[in-house]
There are 2 protein chains.
Amino acid sequence: MDLKHFEKILGYHFQTQHLLKEALTHKSTKKGVHNERLEFLGDAVLDLIIGEFLYKKFPNSKEGELSKMRASMVNEKAFAKVARHLNIGDYIFISNSEEQNNGRQKDSILSNAFEAVIGAIYLESGLEVVRTLVHHLLNAVHPNIDLNSLFYDYKTALQELTQARFSETPEYIVLDSSGPDHNKNFLIGVKIQGREFARANGKSKKEAQQTCAKIALETLKA
Amino acid sequence: MDLKHFEKILGYHFQTQHLLKEALTHKSTKKGVHNERLEFLGDAVLDLIIGEFLYKKFPNSKEGELSKMRASMVNEKAFAKVARHLNIGDYIFISNSEEQNNGRQKDSILSNAFEAVIGAIYLESGLEVVRTLVHHLLNAVHPNIDLNSLFYDYKTALQELTQARFSETPEYIVLDSSGPDHNKNFLIGVKIQGREFARANGKSKKEAQQTCAKIALETLKA
């Protein structure tokens, strides 16, 4: 296993190679030193970097919205995706039994190793360096996607607002669907208190509903 | 209200005064801008600074222990204590009704304002500056106390372990007590499954029990 390849994918070279090895070592190896402490540190580093990113990107979002967006970015599934982008599974040190148990494909193991790698870079090079690297990774894993639409659940937000304000949940209605199976289009409307607040198109019902919810939210908050 | 006094207690001067005002503004003022967004940021900053502090101070502690220690330092009650040390209550902007409701003494309001101030300093001056300040505050609020004994509850940890492993709770026995009232010394032993696992001296029963629990934990985990 040549960790130089991993460093190349990562875009970062470790001065202290034992830190990198520690970050990639799963506790199943029973070697004493494993990556849980670095994961503890990396988790806090990612919380801050992603929190600050959202704070600056959404200057008008309230604390509750920022927390929700962060929760959707800072979790095992999201980090496992970044870890797979980095091929971390090929480079981690795990026990034979964990190996046979498909450990290299497990979200939890991949996500923890990614957090530990971030913790190790932070220890070695500080916040500025690791922040640049994390921003780069987020862009690479989610290219050309507005984080707003990717990470924020407008349907849930709308439901919370309408329940607080009108004690009712929004109703989504399929107004039209067209196109062949592989290229469907849905037109969906959202009703609150019997009144249509918005309508939107989407390639799936879920997508169209999210867009409806987003528009309705803007109307209701205006 | 002269915020210069507050800056003096804090030991930090804000280049952008509106950031400081925002950090000290409770949402009850209904002025639009309040401190919840800065609190969101400051919370993550404190999580990282205190996490890193513990990571470095306790190189042999496992992730679970670090998390527990951090949880006992990063919470409303602990932050309200720091906020009181800074007299934040005298400088926050709150509504009249919150004022009459003893808002200036509420743990939640004080803790949130402290987190927001930390978030504001981080935004303006970066991690290095705010880290130094937070370390200074922790030392000021808890002088001459080993964080190990302050923040980690060995008795609880031992009880959790013995209940999981032996389905019983440890028994603490006073073996000896001596000295005058103002300078007592207690010798306490801890029994698990009828066997004495450790004995330790302390200036109070609680202190001796904690030391017993610490030794017993080390023995049981070995």
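Scoring rules and cut-offs
Residues numbered from 1 in each chain as written. Chains lettered and ligands numbered in written order. Predicted model: local features only at pLDDT ≥ 70, side-chain atom pairs only at ≥ 80, totals over all residues. Heavy atoms only, no water. Least-squares fit on C-alpha atoms with pLDDT ≥ 70 in both. Contact = heavy atoms within 4.5 Å. Domains from an automatic or database assignment. UniProt positions renumbered as here; feature names shortened; annotations may be inferred. Helix = DSSP H or I, 4+ residues; strand = E, 2+ residues; numbered from the N terminus. Pairing = 2+ DSSP bridges. Axes fitted to C-alpha atoms, helices over the stretch in contact; angles between N-to-C directions. Buried area = accessible area lost by both parts, 1.4 Å probe. Polar contact = N/O pair within 3.5 Å; in protein donor to acceptor, adjacent residues only side chain to side chain. Nonpolar A, V, L, I, M, F, W, Y, C, P; charged D, E, K, R; others polar. Parallel < 35°, antiparallel > 145°, perpendicular 65-115°, else oblique. Left-handed = near helix turned anticlockwise from the far one by under 90°. Expected span 1.5 Å × (residues − 1). Buried < 20%, exposed > 50% of the residue type's maximum accessible area, 1.4 Å probe, protein only. Phe/Tyr/Trp six-rings, centres within 6.5 Å; stacked < 30°, edge-to-face > 60°. Arc of directions from axis to C-beta.

**What to know about the relation of the copies chain B and chain A**
Thought 1: Turning chain B through 177° and shifting it by 1.0 Å along the axis lays it on chain A, with an RMSD of 1.5 Å. Here the two chains are linked by the operation of a two-fold rotation axis. In terms of C-alpha distance to the rotation axis, chain B has A44 of chain B as its closest residue, with the C-alpha 3.4 Å off the axis.
Thought 2: Comparing contact sets, 100% of the residues at the interface of chain B also lie at the interface in chain A, consistent with an isologous, same-surface contact.

**Looking at the domain arrangement of chain A**
Thought 1: For chain A, the domain assignment lists domain 1 (3-151) and domain 2 (154-221).
Thought 2: On a C-alpha basis, the centroid separation for the pair domain 1 of chain A and domain 2 of chain A is 34 Å.

**Digging into the UniProt feature "domain: DRBM" (unreviewed entry) in chain A**
Thought 1: Within this structure's numbering, the places UniProt gives as "domain: DRBM" (unreviewed entry) are residues 153-222 of chain A.
Thought 2: Each end of residues 153-222 of chain A is marked by a C-alpha atom, and these two atoms are 19 Å apart; helix forms 43% of the span and strand 34%.

**Overview of the side chain of D47 of chain A**
Thought 1: Tracing the backbone shows D47 of chain A in helix α3 (residues 36-57).
Thought 2: When near neighbours in sequence (up to four residues on either side) are disregarded, D47 of chain A contacts R70 and V74 of chain A together with A44 of chain B.

**What to know about the sheet that holds strand β3 (residues 195-202) of chain A**
Residues and elements named next belong to chain A.
Thought 1: Read across the open sheet, the three strands follow the order β1-β2-β3; overall the sheet is antiparallel. Lying at the two open borders of the sheet, with one neighbouring strand each, are β1 (171-178) and β3. Strand-to-strand, the axes of this sheet are offset by a mean angle of 20°, without reference to chain direction.
Thought 2: Pairing geometry for β1 and strand β2 (residues 185-192), over seven bridges, is antiparallel. Looking at β2, one finds that I173 is bridged to G189.
Thought 3: Helix α9 (residues 154-166) contacts β1 and β2 of the sheet and is inclined by roughly 20° relative to β2.
Thought 4: Across the sheet, helix α10 (residues 205-221) lies against β1, β2 and β3, angled at about 140° from β3, the strand it touches most.

**Digging into the interface of chain B and chain A**
Thought 1: Of the residues lining the interface, 26 residues belong to chain B; the matching set on chain A comes to 26 residues.
Thought 2: In total, about 2,400 Å² of surface goes out of reach between chain B and chain A, with carbon and sulfur atoms giving 65% of it.
Thought 3: Looking at the side of chain B facing chain A, the largest losses of area belong to R37, F40 and Y55 of chain B, adding up to 37% of the total buried there.
Thought 4: Remark: the boundary between chain B and chain A carries ten residue pairs in polar contact (both at pLDDT 80 or more).
Thought 5: For the side of chain B that touches chain A, the leading source of residues is helix α3 (residues 36-57) of chain B, giving 13 residues.
Thought 6: When its residues are assigned to classes, the side of chain B that touches chain A shows 13 nonpolar, four polar and nine charged.

**A closer look at the sheet that holds strand β1 (residues 171-178) of chain B**
In any sheet, the strands associate via hydrogen bonds between backbone groups, in a parallel or an antiparallel arrangement.
All names here are of chain B.
Thought 1: One open sheet holds the three strands; their spatial order is β1-β2-β3, and the pairing between them is antiparallel. Whereas interior strands pair on both sides, the edge strands pair on one side only; in this sheet they are β1 and β3 (195-202). Strand-to-strand twist of the sheet, defined as the mean angle between neighbouring strand axes without regard to direction, takes the value 20°.
Thought 2: Direction of pairing for strand β2 (residues 185-192) relative to β3: antiparallel, over a ladder of seven bridges. When the sheet's bridge partners are listed, I188 is paired in β3 with A200.

**Focus on the packing of α3 of chain A against helix α4 (residues 63-73) of chain B**
Thought 1: Remark: α3 of chain A packs on α4 of chain B, axes separated minimally by 8 Å, with the N-to-C direction vectors making an angle of 35°. Along its contact with α3 of chain A, which presents E36, R37, F40 and A44 of chain A, the element α4 of chain B presents E63, L66, S67 and R70 of chain B.
Thought 2: Of the residues assigned to the contact of α3 of chain A with α4 of chain B, the class counts are three nonpolar, one polar and four charged.

**As for the packing of helix α9 (residues 154-166) of chain B against helix α10 (residues 205-221) of chain B**
What describes two packed helices is the angle between their axes and the distance between those same axes.
All names here are of chain B.
Thought 1: Contact pair α9 / α10: the axes reach a minimum separation of 8 Å and the direction vectors enclose 40°. It follows that α9 is oblique to α10 by the angle criterion. Judged by the sense of rotation from one axis to the other, the crossing of α9 with α10 is left-handed. Residues Y154, K155, A157, L158, L161, T162, R165 and F166 of α9 lie in contact with α10, whose contacting residues are Q209, Q210, A213, K214, A216, L217, L220 and K221.
Thought 2: When its residues are assigned to classes, the contact of α9 with α10 shows nine nonpolar, three polar and four charged.

**Some thoughts on α3 of chain A**
Thought 1: Between its first and last C-alpha atoms α3 of chain A spans 31 Å; for 22 residues at 1.5 Å apiece the expected length is 32 Å, and the two agree.
Thought 2: For α3 of chain A, the buried fraction is high: 18 of the 22 residues fall into the buried class.

**Focus: unusual backbone geometry**
Thought 1: Positive phi values are uncommon outside glycine, yet N102 of chain A reaches one of about 60°.
Thought 2: Mapped onto the elements, N102 of chain A comes out in the loop between α6 (96-100) and α7 (107-141).
Thought 3: Positive phi, normally seen in glycine, also occurs at S167 of chain B, with a value near 55°.
Thought 4: Taking relative accessible area as the criterion, S167 of chain B reaches 64% and is therefore assigned exposed.

**Points about the packing of aromatic side chains**
Thought 1: Overall, the coordinates contain six aromatic pairs over all chains when judged by the stated rule.
Thought 2: Ring centres of F6 of chain A and Y91 of chain A lie 5.4 Å apart, and the angle between their planes is 45°; this geometry places the pair in the tilted category. With F6 of chain A in helix α1 (residues 3-10) and Y91 of chain A in the loop between α5 (76-85) and α6, this pair connects stretches of sequence that are 85 residues apart. Just as F6 of chain A is buried, Y91 of chain A falls in that class too.
Thought 3: Between the aromatic rings of Y12 of chain B and F14 of chain B, the centroid separation amounts to 4.9 Å while the plane-to-plane angle is 85°, which identifies the pairing as edge-to-face.

**What to know about α1 of chain A**
Residues and elements named next belong to chain A.
Thought 1: For α1, the set of buried residues is L3, F6, E7 and L10. Buried residues of α1, viewed axially, fall in a sector of 100°; they line one side. Exposed and oriented more than 90 degrees from the buried face of α1 are K4 and K8.
Thought 2: Packed against the buried residues of α1 are α2 (17-23) and α7.
Thought 3: Near the N-terminus of α1, the side chain that reaches the backbone nitrogen of K4, with its oxygen 2.9 Å away, is that of D2.
Thought 4: Positioned one or two residues after α1, G11 has a phi angle of 75°, which is positive.

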